Amino acid sequence: MDGHQERYPEGSEKVEAWKKALTRVCDIRGIHCKDDKTEAELEKIVEAVVSRLAPVPVQMNHIVGLDYHFEQVKSFIDVKSSDTVRILGIYGAGGIGKTTLAVYIYEKIRHYYFEAASFLIKVRENSNKSKNLLEDIQKTLLSLMGVETEETLMGSTNKGELEIKRRLGHRRVLLVLDDVDTREQLESVVGKHNWFGSGSRIIITTRDAAVLDYDNGIEKYKMEELKDCDSLELFCWNAFDMPGPAKNLENISHRVIGYAKGIPLALRVIGSNLKGRSIEEWEIELGKYKKVPNAEIQGVLEISYYSLPEPEMKIFLDIACFFKGEKLNYVKRILMASDLNIQVLTSKCILIVGENGCLEMHDLIRDMGREIVRKESPDNPGKRSRLWSHEDALQVLKKNSGSSTIEGIMLHPPKLEKVDNWTSTAFEKMKNLRILIVRNTKFSTGPSYLPNSLRLFDWIGFPSKSFPLTFHPEKIVDFKLSHSPLVLENSLEKVFQHLTFVNLSHCPFITQIPNMHEAKNLRVLKVDKCHKLEGFHHSIAHMPKLVYLSASECIMLKSFAPKMYLPSLEILSFNFCNKLENFPEVVRKMDRPLKILMINTAIKKFPESTCKLTGLEYVDMSTCTGLKDISSFVSLSKLVTLKMNGCPQLAESFKIFRKRHSEANILSNLKALYLSNSNLSYEDLSVVLQIFPKLENLNVSHNEFESLPECIKGSLQLKNLDVSFCRNLREIPELPSSIQSVDARYCQFLTTKSSSMLLSKVYKEMERISVVMPETEIPKGFHCIYSEDIPLFWARRKFPVVALAFVFKEVETKEDKQMDTSELLPRVVSAEESYTVGLNLYIDGQKICRKDHNYYSVGYHHVLVCDLQILFNDEECKGLDAYLGDDWRAIQIQCESTLVQNHWGVYVYKQKTNIDDILFSFPNSTSLVPKASPQQKTRHVQSYDAIEKFGQNLNSCKIEQTASIANMLLRWWRNAKADIRGKVSASTYDASLLQEHEDVVWDVAHIFEMLMETLPKHITDLEVQRTGQLVVQLLVAQAQHMKEYGHEKMNNNLTMPIILVECQCHPWTDLEGAQSLRYWGTVELEEGNPLVWKIWKRNEAFKERLNYTVLLNCEHHSTDEASRSSHVESLEEEYNDPALQALMRMIEEDTIRLNKFNAKLKASIVPTNVPVSHKYLLETTIIEGLERLGRLVSNFNKTTYGKLRMEYEDHKTTHKQHELRMDPDAQSSTLNHEQHKLRVEDDARRSTQEKNNLSWIRLLFGGFWRQSW
């Protein structure tokens, strides 16, 4: 027993049970065997005992990740307790490890205190094989429990229930029911708790959580996917017979983990299938999994599908093929699905509704659904019910091979697809088409027929001006036809009773929104950026269920409607409709919570009837420079936020406010007021503070008053005050005790008294206080450290309550110097810049995570004073004490900013902190956390700085050269700011998230295309290049925010940039000096292509994932620059491989053909990343950005191996001139006077154009440089 005790240190209870059992055996009198007959009897006894022992249902070779799950349920199982019967229900998707966990628990506890044990495996499967389903399960249970039953005692389910209760009701048993799929199975075997003796434990596994609802006493436990580390170990045991990956197979093993995403079944099956194979075979097999799921995995997962009722089967297939990742309410609306339908899918664990309300499912479950559809007609996509693959959809449309079987089509290729040759009548055969989604595809012609069965019509870039005459989709729910040439004269006057959503944004030819009075159920109408839209039919202003109406950036729109009654309206947006002059009369009371967004419009006043908007909560009228009267808002009791930044003519309105306030004795509930840059006087501000006594947030920055009114101390709820850039401000009186944040950036003339008053909030030990103001020294009373190092002090026992002070100085490194753009941007570039500062807390080198992040706007030569608690919410603050103990802990605060921290200080709140528990020096102390450099800023800080500063530049770009591009970039800037600040979007009102994403992609791609058309070919200003790069990267990051990668981790697509070494013989270049390296295309080889493994075949190359580049050189030039950078032999020469050499010849020939080269080219693969020359940085970044968004630049051609640039057509220099440029001696002797004059004029024209282009590039990106780097 001592040996067993050492062998099972964690199972001491098990060993003790064995000791007790052996002790009992020793007390039993033995019988001496004298003959063979007695021995035969003993053998029968042993056989009978063995038959009654609980069998081990599954042999477990490798236990991975199960200890964690066991610990989660251990307290509930509690085998020591015998007070009651306990039932544990383990549920989850097929193949996720429910049975394995049940076996693991069974093995762990079956030797403890149980009089009998039984593991009924595959209950669902065995039930389906038997005629007397439930009776057979009952007999099997009793048999495994060691109870003999006669057939006459059973006979029916009811008799079996009585027999179970009679035989087992007084015995403590362990029972596992594996893979239960109906409540009847549980009721016939488990029944009630009194069927089994006290202390019994019952474990149930099921795919359907709803099965466990039959008894409230069942403890449910959801089986989740394995963690990545456990997934890797399980896979490796099956693939390599060891816990880690074999040498050189680390990367590909991790790709398998990414594919399986924690499903143990997939890890075991794939690992076993790949065992012993070569790395090339691994790649081929993984490529097959992507196209057709493994049959064994598919078979297990399909069980859940075939257990669904028929309506849920259809809904599941629709979601798997088209709607994974979409909002729940959007999908319910499109599919006419109920909450009950969705609940069935979630209870089966094949669908998850995330915290954000989006529908998610495991990729293998999604692939299972798609494979079910593919098998409907493996060889003919036109006979399947759903087409989600863009290749299949295009094949059907081009070959006109559709059928009435097709119910849904999603044509959404990863890269923009141009479709010229297709059959416009292809939809005629699809009489039952319900769902049509077309994105990232450009058709040369529109359809001549569309099915009337459509419910979802989502076609971004619909190519026709009107719909087919026979198109009357009475069941239509969603119209989404943004970026289309629709004219929309009479197209929406038909009866659309089910229509709830219309998106016609970016339709440049729509001038009027027609009569839609029959669309009684319309909830959302989006017509943003319809630049020719002049008006709406009056019916739009009287839609009974309209919740969201947006017509932002419709620059020709002058009015919405004369009268309005929209009782359900919650969002009304006319942002940047700069000709909109009138707000409609409100006919009747509208009491729904309402937001009005009318930034930068021509509105001057609101009608008196605005007071009928009794549900109005939020108004943003910023930069409405003509706005004079907003007095009608004063009586709205629910209005809490009013933004009037940049409205300089509101003085008269404030006087009317005060008069109405005194006459009617109205108490406003306004909590947030924004009046930045609104020409406020001292008197105006006094009125504001009197009539809005409940203000919590007040922004009066960028105004010219010299002091704040004394009455501000009566604003007893005021928390945040922004007076930044009030350059004349001198006096700030005593502020109310409620104040938490004061932003006084660049208030350079504040008196000493005012500055002291602000700091007094710290000296009074007010918690959660933050102050920013001009100052070059740490305030008095702080423990000051004159150091640029990261703040460091020590604490113990309880986390200290302290205020920190940081003084910042200007960045003076050469790389961060701002270029001189004062002539280009006189109003933007100044000494008064603001920077974002983020703070992170570390304890003993460990970063303390928090839910939200606070960022502060600070100037150089400013001080930031803040209570450290402000970094955390109340609950998080309470948890900080847990990081400390009796030993000293190092407390560090890391600043993230482009500013340089000059020195810092700490003020200890002595009333709340024991001074003996905090130190500012410590023996042998060293910094545990590196100081954050400008290059180490977080993405959020960097993005926020970039977006804010770039927007300031764009608002100044009004010259003709930049107007169109600047406007496009301004649109992105506004969207990016809204994204950061969490503004509401149409997706809040059941719109498609993926379509919103695609709209953003179209916007960004359009910006890139416009930039490419006018981009200077030679930008030597490195600052402008890098700034442009950052802007492009931010644009791409925003557009890709919602991109779904699917099985991208499975892919081993090899992408190699093609870099051309320019020389003077090229038709377009005026090369002087060193050779330039320019991006010229890409080689894209998909997984399974033998060339991939010819390139990766060196083990060390595969392991290290080296970057490869295809270099293109003219043969008559040496490869000096490229060769010096790599010092390696090209791969195709090293391997002497004919296939690689043939690929290089193709690249050479295609480049010469597409660009009319006269010189021979030499292409070679080098195992290094060859960067382009500085002057081509921005151009290359834009091209790569378009590629990441799935777009092909206009002067790039697709090839069989990737894409190549075609530069020749953009340059009209003659062939003779190219030859002369190549040979200077020939030039002087051959070129006549006319040719020379032509060249001089051509060069002058190009030079002027280049200078103009460089000017607007500087204008767009110039002043942005300082903030971004």
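Residues numbered from 1 in each chain as written. Predicted model: local features only at pLDDT ≥ 70, side-chain atom pairs only at ≥ 80, totals over all residues. Heavy atoms only, no water.

In the annotation of an unreviewed UniProt entry, the protein is listed under the name TMV resistance protein N and assigned to Flemingia macrophylla.

Here we come to the overall build of the protein. From N to C terminus, the protein includes 37 helices and 46 strands. Classification of the 1269 residues of the protein by burial places 55% in the buried group. For the protein, the exposed surface amounts to about 56,600 Å²; the carbon and sulfur share of it is 49%. (Helix = DSSP H or I, 4+ residues; strand = E, 2+ residues; numbered from the N terminus. Buried < 20%, exposed > 50% of the residue type's maximum accessible area, 1.4 Å probe, protein only. Areas by Shrake-Rupley, 256 points an atom, 1.4 Å probe, with all protein chains shown as cover.)

Attention now moves to the packing of aromatic side chains. Centre-to-centre distance and the angle between the planes together describe a pair of aromatic rings. Tallied over the entire structure, the rule returns 33 aromatic pairs. Each ring, one from Tyr 106 and one from Phe 119, has its centre 5.3 Å from the other, and the planes form 90 degrees; the classification is edge-to-face. Here Tyr 106 is found in helix α5 (residues 98-109), whereas its partner Phe 119 is found in strand β2 (residues 116-120), with 13 residues between them in sequence. Here the two residues Tyr 106 and Phe 119 agree in accessibility, since each one is buried. Seen in terms of ring centroids, Tyr 907 and Tyr 909 are 6.2 Å apart; in terms of plane orientation they differ by 70 degrees. Their pairing is edge-to-face. On the basis of relative accessibility, which here comes to 11%, the residue Tyr 907 falls in the buried class. Counting every residue linked through ring pairs, the aromatic cluster contains Trp 422, Phe 427, Phe 443, Phe 457, Trp 459, Phe 462, Phe 467, Phe 471 and Phe 479. Stacked on the ring of Tyr 674, the Lys or Arg Lys 643 has its end atom at 4.9 Å from the ring centre. (Phe/Tyr/Trp six-rings, centres within 6.5 Å; stacked < 30°, edge-to-face > 60°. Lys NZ or Arg CZ within 6 Å of the ring centre and 35° of its normal.)

All right, on to unusual backbone geometry then. Here Asp 78, not a glycine, exhibits a phi torsion of approximately 35 degrees, which is positive. Here Asp 78 lies in the loop between α4 (66-77) and β1 (86-91). Residue classification places Asp 78 among the partly exposed positions, given a relative accessible area of 30%. Located in the positive-phi region is Phe 725, a residue other than glycine, with phi close to 60 degrees.

This next bit is on the sheet that holds strand β41 (residues 1054-1061). Paired through backbone hydrogen bonds, the strands of a sheet run either parallel or antiparallel to each other. If you walk across this open sheet you meet the six strands as β44-β43-β41-β42-β46-β45, and the pairing is mixed. In this open sheet, the two strands that pair with only one neighbour each are β44 (1161-1166) and β45 (1196-1198). Each adjacent strand pair in this sheet contributes to an overall mean axis angle of 25 degrees, direction not counted. Here helix α32 (residues 1138-1155) sits on the sheet in contact with β41, β42 (1077-1085), β43 (1109-1114), β44, β45 and β46 (1202-1205), set at roughly 135 degrees to β44. Lying over the sheet, helix α33 (residues 1177-1188) contacts β42, β45 and β46, oriented at roughly 20 degrees with respect to β42. (Pairing = 2+ DSSP bridges. Axes fitted to C-alpha atoms, helices over the stretch in contact; angles between N-to-C directions. Contact = heavy atoms within 4.5 Å.)

Bringing the pairing of strand β38 (residues 889-896) into the picture now. Within β38, seven of the eight residues are buried, which leaves the element mostly enclosed by the surrounding structure. As judged from the six bridges shared by strand β34 (residues 835-843) and β38, these two strands associate in the antiparallel manner. Bridge assignment links Gly 838 to a residue of β38, and that residue is Glu 896.

Turning to the sheet that holds β1, a few remarks are in order. Reading across from one edge, β2-β3-β4-β1-β5 is the order of the five strands in this open sheet, with parallel pairing throughout. Unpaired on one side and paired on the other, β2 and β5 (218-222) mark the two borders of the sheet. When strand polarity is set aside, the average angle formed by the axes of neighbouring strands in this sheet is 15 degrees. Where β1 lies against β5, five bridges are found, and the strand directions are parallel. Paired with Leu 88 across the strands is Glu 219, a residue of β5. Against the sheet, α4 contacts β1, β4 (201-206) and β5, and its axis sits at roughly 155 degrees relative to β1.

The first and last C-alpha atoms of helix α14 (residues 295-306) sit 16 Å apart over 12 residues, in line with the 16 Å expected at 1.5 Å per residue. Along α14, the positions that sit buried rather than exposed are Ile 297, Gln 298, Leu 301, Glu 302, Ser 304 and Tyr 305. The buried residues of α14 occupy one face: seen down the axis, they fall within an arc of 145 degrees. In α14, the exposed residues that point more than 90 degrees away from the buried face are Ala 295 and Tyr 306. Residues of α14 that are buried in the fold lie against α12 (264-274), α15 (310-323) and α18 (363-374). You can read the cap of α14 off the contacts: a side-chain oxygen lies 2.9 Å from the backbone nitrogen of Glu 296, and it is on Asn 294. (Expected span 1.5 Å × (residues − 1). Arc of directions from axis to C-beta. Polar contact = N/O pair within 3.5 Å; in protein donor to acceptor, adjacent residues only side chain to side chain.)

Turning our eyes to something else, we now look at the state of the cysteines. Evaluation of the coordinates by the stated rule reveals zero disulfides. Free cysteine: Cys 530, not disulfide-bonded; nearest cysteine sulfur from Cys 554 at 5.2 Å. (Disulfide = S-S within 2.5 Å.)

This part takes up the side chain of Glu 285. Along the chain, Glu 285 turns up in helix α13 (residues 279-291). Residue classification places Glu 285 among the buried residues on the basis of a relative accessible area of 16%. Within polar-contact distance, the side chain of Glu 285 engages the side chain of Arg 277 at 3.1 Å. Ignoring sequence-local partners within four residues, the contact set of Glu 285 consists of Leu 274 and Arg 277.

It is worth spelling out the confidence of the model for the protein at this point. Per-residue pLDDT for the protein has a mean of 80; in total, 75% of the residues score no lower than 70. Mean pLDDT across the elements of the protein bottoms out in helix α37 (residues 1265-1268) (36) and peaks in strand β8 (residues 386-387) (97). Below pLDDT 50 for its whole length, residues 933-947 participates in 36 contacts with residues either more than four positions away or in separate chains. Below pLDDT 50 for its whole length, residues 978-982 participates in six contacts with residues either more than four positions away or in separate chains. (pLDDT = per-residue confidence, 0-100.)

Looking now at the pattern of salt bridges. Throughout the structure, instances matching the rule amount to 41 salt bridges. A salt bridge links Arg 797 to Asp 886; the nearest nitrogen and oxygen atoms lie 3.9 Å apart. Of this pair, Arg 797 sits in the loop between β32 (792-795) and β33 (802-809) while Asp 886 sits in the loop between α23 (874-879) and β38, and the two are 89 residues apart along the sequence. Via salt bridges that share partners, Lys 261, Lys 324, Asp 363, Arg 366 and Asp 367 belong to a single interconnected network. (Salt bridge = Lys/Arg side-chain N within 4 Å of Asp/Glu carboxyl O.)

Relative to the elements of secondary structure, Ile 334 occurs in helix α16 (residues 328-335). Apart from residues lying up to four places away in sequence, Ile 334 is in contact with Phe 323, Arg 455, Leu 456, Val 477 and Asp 478.

Quick look at the packing of helix α11 (residues 250-260) against α13 now. The N-to-C vectors of α11 and α13 enclose an angle of 15 degrees; their axes lie 11 Å apart at closest approach. When the interaxial angle is binned, α11 and α13 end up roughly parallel. At the point where α11 passes α13, the crossing takes the left-handed sense. Taking contact as the criterion, the partners of Ile 252, Ser 253, Arg 255, Val 256 and Tyr 259 in α11 are, on α13, Ile 279, Trp 282, Glu 283, Leu 286 and Tyr 289. (Parallel < 35°, antiparallel > 145°, perpendicular 65-115°, else oblique. Left-handed = near helix turned anticlockwise from the far one by under 90°.)

Another aspect to go through is the packing of α11 against α12. Put simply, α11 and α12 touch, their axes get as near as 10 Å, and they point 145 degrees apart. In the crossing of α11 with α12, the sense of the turn from one axis to the other is right-handed. Along its contact with α11, which presents Val 256, Ile 257, Tyr 259 and Ala 260, the element α12 presents Ala 266, Leu 267, Ile 270 and Leu 274. Here the contact of α11 with α12 is composed, by residue class, of eight nonpolar, no polar and no charged. (Nonpolar A, V, L, I, M, F, W, Y, C, P; charged D, E, K, R; others polar.)

This brings us to the pairing of β32. Burial along β32 is two-sided: Leu 792 and Trp 794 and Phe 793 and Ala 795, pointing in opposite directions, are all buried. Pairing geometry for β32 and β38, over four bridges, is antiparallel. When the sheet's bridge partners are listed, Phe 793 is paired in β38 with Ile 891. In this sheet, strand β40 (residues 918-919) lies alongside β32 in antiparallel orientation, the contact comprising two bridges. When the sheet's bridge partners are listed, Ala 795 is paired in β40 with Ile 918.

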